[in-house]
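Listed here are the chains, written in short residue letters.
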Amino acid sequence: MAILKRYAVRRVLKALLTVYLVATGTFFLVRMLPGNPVEVYINTQMSQYGVSYAEASSQAAGLFSFNPNEPLIQQYGDFLAGLVRGDLGESLLAPGTSVLDIVFEYLPWTLFSVGLGVLISFALGITLGMLMAYWRESWLDHALSLIGSLLQSVPNYLLAMLVVVFFGVQLEILPIADMRGAYSPGVTPNLSFDFLSDVMYHAGLPITIYVLTTIGGWMLVMKSSTVETLGEDYVTVARARGLTDGRIRSAYVGRNAVLPLVPQLAITLGFVVGGSILVEQVFQYQGIGYLLFQSVQRRDYPVLQGILLVVTIAVVAANLIADLLYGRLDPRVRLNGEE
Amino acid sequence: MLRSLTRSKAGFAGFIVFALMILVAVVGPFFTPSHLSTDLNAVYLPPSTGHPLGTDSEGRDIAIQMINGGRAVILVGVLAAAISTLIAIVFGALAAYLGGWVDSLIVSVTDIVLTVPQIVLLAVLASLYKLDSPWVLAAILGGFAWPYLLRSVRAQVFSLKEREYVEAAQLLDLGTGWIVGREILPNMATFIMMNFVVTMTNAIYALVGLYFLGLAPIVDDNWGAMLNKAWTRGAIFFSDSLFYVLAPVIAISVLQLSLVTMTRSFEEILNPRLRES
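What counts and what doesn't
- Residues numbered from 1 in each chain as written.
- Chains lettered and ligands numbered in written order.
- Predicted model: local features only at pLDDT ≥ 70, side-chain atom pairs only at ≥ 80, totals over all residues.
- Heavy atoms only, no water.
- Helix = DSSP H or I, 4+ residues; strand = E, 2+ residues; numbered from the N terminus.
- Contact = heavy atoms within 4.5 Å.
- Areas by Shrake-Rupley, 256 points an atom, 1.4 Å probe, with all protein chains shown as cover.
- Salt bridge = Lys/Arg side-chain N within 4 Å of Asp/Glu carboxyl O.
- Buried < 20%, exposed > 50% of the residue type's maximum accessible area, 1.4 Å probe, protein only.
- Buried area = accessible area lost by both parts, 1.4 Å probe.
- Polar contact = N/O pair within 3.5 Å; in protein donor to acceptor, adjacent residues only side chain to side chain.
- Nonpolar A, V, L, I, M, F, W, Y, C, P; charged D, E, K, R; others polar.
- Axes fitted to C-alpha atoms, helices over the stretch in contact; angles between N-to-C directions.
- Parallel < 35°, antiparallel > 145°, perpendicular 65-115°, else oblique.
- Left-handed = near helix turned anticlockwise from the far one by under 90°.
- pLDDT = per-residue confidence, 0-100.

Draft legend 1. Structural context of the overall build of chain A. Each helix and strand in chain A was counted, giving 14 helices and zero strands. Partitioning the intrachain contacts of chain A with sequence separation of at least 6 by distance along the chain shows that 71% fall at a separation of at least 24. With an accessible surface of roughly 16,200 Å², chain A has 63% of that area assigned to carbon and sulfur atoms.

Draft legend 2. Seen up close, the pattern of salt bridges. Counting across every chain of the model gives four salt bridges over all chains. Between A:Lys14 and B:Asp111 there is a salt bridge; the shortest N-O distance is 2.6 Å. Placement of A:Lys14 in helix H1 (residues 2-32) and of B:Asp111 in helix H4 (residues 100-115) is noted, with the two residues assigned to different chains. B:Asp103 is the partner of B:Arg154 in a salt bridge, and the nearest nitrogen-oxygen pair spans 2.7 Å. In this pair, B:Arg154 sits in helix H7 (residues 147-161) while B:Asp103 sits in helix H4, placing the two residues 51 residues apart along the sequence. Relative accessible area serves as the criterion here: at 22%, B:Arg154 is assigned to the partly exposed category.

Draft legend 3. Representation of the interface of chain B and chain A. Taken together, the contact between chain B and chain A spans 43 residues of the former and 53 residues of the latter. Of the roughly 4,400 Å² buried between chain B and chain A, counting both surfaces, carbon and sulfur atoms make up 77%. Our enumeration of links across chain B and chain A arrives at one salt bridge. Where chain B meets chain A, there are four residue pairs in polar contact (both at pLDDT 80 or more). At the level of secondary structure, the elements contributing two or more residues to the side of chain B that touches chain A comprise H4, helix H5 (118-128), helix H10 (189-213), helix H11 (223-232) and helix H12 (242-270) of chain B. In terms of residue count, the dominant contributor to the side of chain B that touches chain A is H12(B) (10 residues). By residue class, the composition of the side of chain B that touches chain A is 31 nonpolar, eight polar and four charged.

Draft legend 4. Molecular detail of the packing of helix H3 (residues 62-98) of chain B against helix H6 (residues 134-142) of chain B. Residue and element names in this part refer to chain B. It is the contact of H3 with H6, at a shortest axis distance of 8 Å, that shows an interaxial angle of 45°. By the angle between their directions, the pair H3 and H6 is classed as oblique. Crossing hand, H3 versus H6: right-handed. Of H6, the residues touching H3 (which contributes Leu75, Val76, Leu79, Ala80, Ile83 and Ser84) are Pro134, Trp135, Leu137, Ala138, Ala139, Leu141 and Gly142. The residue makeup of the contact of H3 with H6, split by class, is 11 nonpolar, two polar and no charged.

Draft legend 5. Focus on the confidence of the model for chain A. This prediction gives chain A a mean pLDDT of 79; 83% of its residues lie at or above 70. Per-element mean pLDDT across chain A ranges from 56 in helix H14 (residues 331-338) of chain A up to 88 in helix H5 (residues 99-134) of chain A.

Draft legend 6. Broad picture of the confidence of the model for chain B. For chain B, per-residue confidence averages 79 on the pLDDT scale, and 89% of positions sit at 70 or higher. For this predicted complex, the interface confidence comes out at an ipTM of 0.82, alongside a pTM of 0.82.

Below you can see the structure in the form of structure tokens.
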């Protein structure tokens, strides 16, 4: 128990360090560059609206939640203090709206669609992967390998575009225009069946794309992991002991073959959250990727900084959970973490 | 290396396709006009003998754009993979060899880079910098792609460090660089090649994504830029100009597929149990 606790503490500290470094990185990126957004903002305010430098820089200070005339160290201190309070400044384009409020309006939709997509894909992928390993060299194995490779190769946003072009525009099977957004206009978020089915109606396409483009990877990794496990001595011993095939499959092969895939789950989650920017843009699904694109277009730097930070925190948290879970599942990991 | 590719049918096919695409991308532009003039009388023409894939929103031939447009995409992919591989080998070997605080520092930085969502970071960087040269794009794409290979190089060097032939080299007082270059890297050649190809795949994914979102400046007619224009200028709504969207989508997908099948054959070499009988 003590070992597990020390392992957990180390992992949490590492996660916090990552978030801190990314926050610091974005702070200096936005402020230190020549022609940085703060300077640009001050200059446009001065040239467009004829305000004085002092006035413009105090406006910038409010918007970016720091004062450009203070020494950098003090700005950095203020920024970190704000960060701890959850204050990421205000949006440039919607003054008075806090960055955190904006980000939290969009983030749940991404987490929901990506999370569900990755989980469905993982469950399906490992099942198919095990089948492929058991029936190696059969037509099923060859067919699934081919499909898996094909699906894995096509970038998710390109597949999404193909869906829109063929099923949406050319064949008019899917009402693409109606399916935009996170839920239909006029529907109020609540826990009723109607609302949930409306949510699924809008999230269906992005989720399908996430499943299709990640399932190939899971299938192939699970296949090779299962093949490797089947060659282990303990499986041969289990067979020699006369255990039933079903028991060997679930208790001996399945569990051990899935184990190395668990850390990959978190990495995939991070990758898909990143890729969601592109997929959400294609389907106009209003998640964090959509917000990111909008903010980039409008050069809304405080929001951009907030998105990068919040998404990083989400990914770091997912990694942390996967690592702790892995530590519980496989005792060897936490012993190695001890050295 | 090549012999190992010929052993797997799918891997060899991938290699051939990839080689052909490079050939077209490198040689093709010498035979096609480098500047296509706008012809407003020929906007969104359907495929014909004069224009095998039709024309775009400015009346320019799509087939010629396809031939000219692969170079930039493949070049940035290769450069990004080269930069990332170099970083991974140098710092991975350094970490394992020097150990101590150097090792801890490199491992911590690796863990952090691994967790930062790359596309999001790239999008933010693209909004701050002008990414108009292939070198800058490759440096940024490759600059975040090295953690996987670095981890493996570090682990490999750690385990190989204790092997007899490496110890023998050490006893002969051959330098660290010599040992890594002559004894350890050749042992990892297949693995490094596989990672190179994987990194190319990811870099091309991100690169085309940046073009598609309009985050990388559209200065020439590469596949990513074509995709962006086709999508934003409504080519998807006309069945005549469908190839404007389809051609780059198919080209990029085939490129990615050829790279992935090559990866798979490298994997089969590394893990003989996966090999076809």
